[in-house]
Amino acid sequence: MARGSPVRGLGIDLPKARSFASDITGRKIVPSPIKWTGGKGHPHYVSPLREAMQKVGPRRLVDPMVGGANIPLNLVPGGKALLADSNPMLIAMHNAIKDKKLDLDWSSFMDEEGMIDTRTFMEDMRGAVPRGRQQKGYDTTWPPKEGSLNHLLDHLHGRGLPPEEELQAIKLWAMYQNMAWRGIPRMNQRGLANITMNDKGGFRPTPKWDYKHFAPLMENYDIHHMPIEQSMHEMELHPKKDMLMLDPPYQGELASLAGDEFDLLQKPIADWAGEFAEEG
């Protein structure tokens, strides 16, 4: 049997992560705990930011569009950071990792050969979506199977969940995110998971994933569910004490980032960064 996919970042502890953060070449990378489209765990992102951090000295990192958390993990592992993102489940997952509450047990979804197939993903893990289409051999029509991610999310959005079921929803979202097409955990307007499985041939993880090795790296991170529009108004930044990292979202016309076609959200983000830079 082929070896299953393990949890990311195994073998990286706080001393090793801090030694990585001192390498301005960017060749030594702390991986994100999740598979995240548009992640910044590459030398051409990490290297200049590490160099900048070394020039200005120790600072709190501020990243209001944190995504997979590549930047804080590679610049300030174990240090202070103020982080935010518009995705509530992503932020819930980061906080669960920080609080040593995130472990995934894939075993109940695996067949005798250690594989998780499309039917299991669609029915048991993700759950059905409204207007879902019945597939050959399995059903994805509403309502979702009890205990699936969408079953829990439907209750979470409606009347809330007790803490243990809310944590289970976070764990199922983490599984969904790892298996979703291109690692994009897309949600519909009702806040339900609605994307398909990435690998039609099946997914083979190691049976148990535990993210506790990331907790010491994140213990001083202040992590909030907050869209960038809110962050620009509510985040309290301190010149000469903070370092602001901005990677604006890809919205509007991707090929035109200047003039009249510059996205309406990009301009205020640039102005916000400019004001902070002028203050030191």
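Cut-offs and rules
Residues numbered from 1 in each chain as written. Predicted model: local features only at pLDDT ≥ 70, side-chain atom pairs only at ≥ 80, totals over all residues. Heavy atoms only, no water. Core = buried A, V, L, I, M, F, W, Y, C linked by side-chain atoms within 4.5 Å. Buried < 20%, exposed > 50% of the residue type's maximum accessible area, 1.4 Å probe, protein only. Helix = DSSP H or I, 4+ residues; strand = E, 2+ residues; numbered from the N terminus. Contact = heavy atoms within 4.5 Å. Patch = residues over 30% accessible without salt bridge, like charges linked within 9 Å, V, L, I, M, F, W, Y side chains within 5 Å. Areas by Shrake-Rupley, 256 points an atom, 1.4 Å probe, with all protein chains shown as cover. Salt bridge = Lys/Arg side-chain N within 4 Å of Asp/Glu carboxyl O. Lys, Arg positive; Asp, Glu negative; His and termini not counted. Charge placed at Lys NZ, Arg CZ, Asp CG, Glu CD. Axes fitted to C-alpha atoms, helices over the stretch in contact; angles between N-to-C directions. Parallel < 35°, antiparallel > 145°, perpendicular 65-115°, else oblique. Left-handed = near helix turned anticlockwise from the far one by under 90°. Polar contact = N/O pair within 3.5 Å; in protein donor to acceptor, adjacent residues only side chain to side chain. Expected span 1.5 Å × (residues − 1). Arc of directions from axis to C-beta. Nonpolar A, V, L, I, M, F, W, Y, C, P; charged D, E, K, R; others polar.

Description of the nonpolar core
Item 1. Judged by nonpolar contacts, the single largest core of 61 residues is most densely connected at L61, M93, W106 and Y211.
Item 2. Sort the elements by how many residues they give to this core and helix α7 (residues 163-179) lands first, with eight residues.
Item 3. The residues touching M93, leaving out its near neighbours within four places in the chain, are I34, L102, I170, W173, A174 and Y211.
Item 4. Formed by 14 residues, the second largest nonpolar core is a distinct cluster that contains I228, L237, L244 and W272.

What about a negative patch on the surface?
Item 1. Taken together, the side chains of D111, E112, E113 and D117 present a region of like negative charge at the surface.
Item 2. Classification of E113 as exposed rests on a relative accessible area of 53%.

Remarks on the packing of helix α5 (residues 118-126) against α7
Item 1. Viewed as axis vectors pointing N to C, α5 and α7 meet at an angle of 155 degrees, and their least axial separation amounts to 11 Å. Judged by the inter-axis angle, α5 sits roughly antiparallel to α7. When the axes of α5 and α7 are compared, the crossing they make is left-handed. Within the contact between the two elements, α5 uses F121, M125 and R126 and α7 uses L172, M175, Y176 and M179.

Quick look at helix α4 (residues 88-98)
Working note: α-helix, 3.6 residues per turn, so residues spaced by three or four point in the same direction.
Item 1. For α4, the set of buried residues is M89, L90, I91, M93, H94, A96 and I97.
Item 2. Two or three places before M89, at the start of α4, stands the capping residue N87, its side-chain oxygen 3.1 Å from that residue's backbone nitrogen.
Item 3. Positive phi appears at K100, one or two residues downstream of α4, with a value of about 60 degrees.

Notes on helix α10 (residues 266-278)
Item 1. Given a rise of 1.5 Å per residue, 13 residues ought to cover 18 Å, and the 18 Å separating the end C-alpha atoms of α10 matches this to within 8%.
Item 2. Every buried residue of α10 is listed here: Q266, I269, W272 and F276. Viewed end-on, α10 has its buried residues packed into an arc of 125 degrees, placing them on one side of the element.
Item 3. Of the surrounding elements, those touching the buried residues of α10 are α9 (228-234) and β6 (242-244).
Item 4. Of the residues flanking the end of α10, it is G280, one or two places downstream, whose phi is positive at about 115 degrees.

Considering the packing of α4 against α7
Geometry of a packed helix pair, given as the angle between the helix axes and the separation of the axes.
Item 1. Axis separation between α4 and α7 bottoms out at 10 Å; the angle between their running directions is 105 degrees. When the axis of α4 is compared with that of α7, the two are roughly perpendicular. For the pair formed by α4 and α7, the contact residues are M89, L90, A92, M93 and A96 on the first element and L167, A169, I170, W173 and A174 on the second.
Item 2. Across the contact of α4 with α7, the residue classes tally to ten nonpolar, no polar and no charged.

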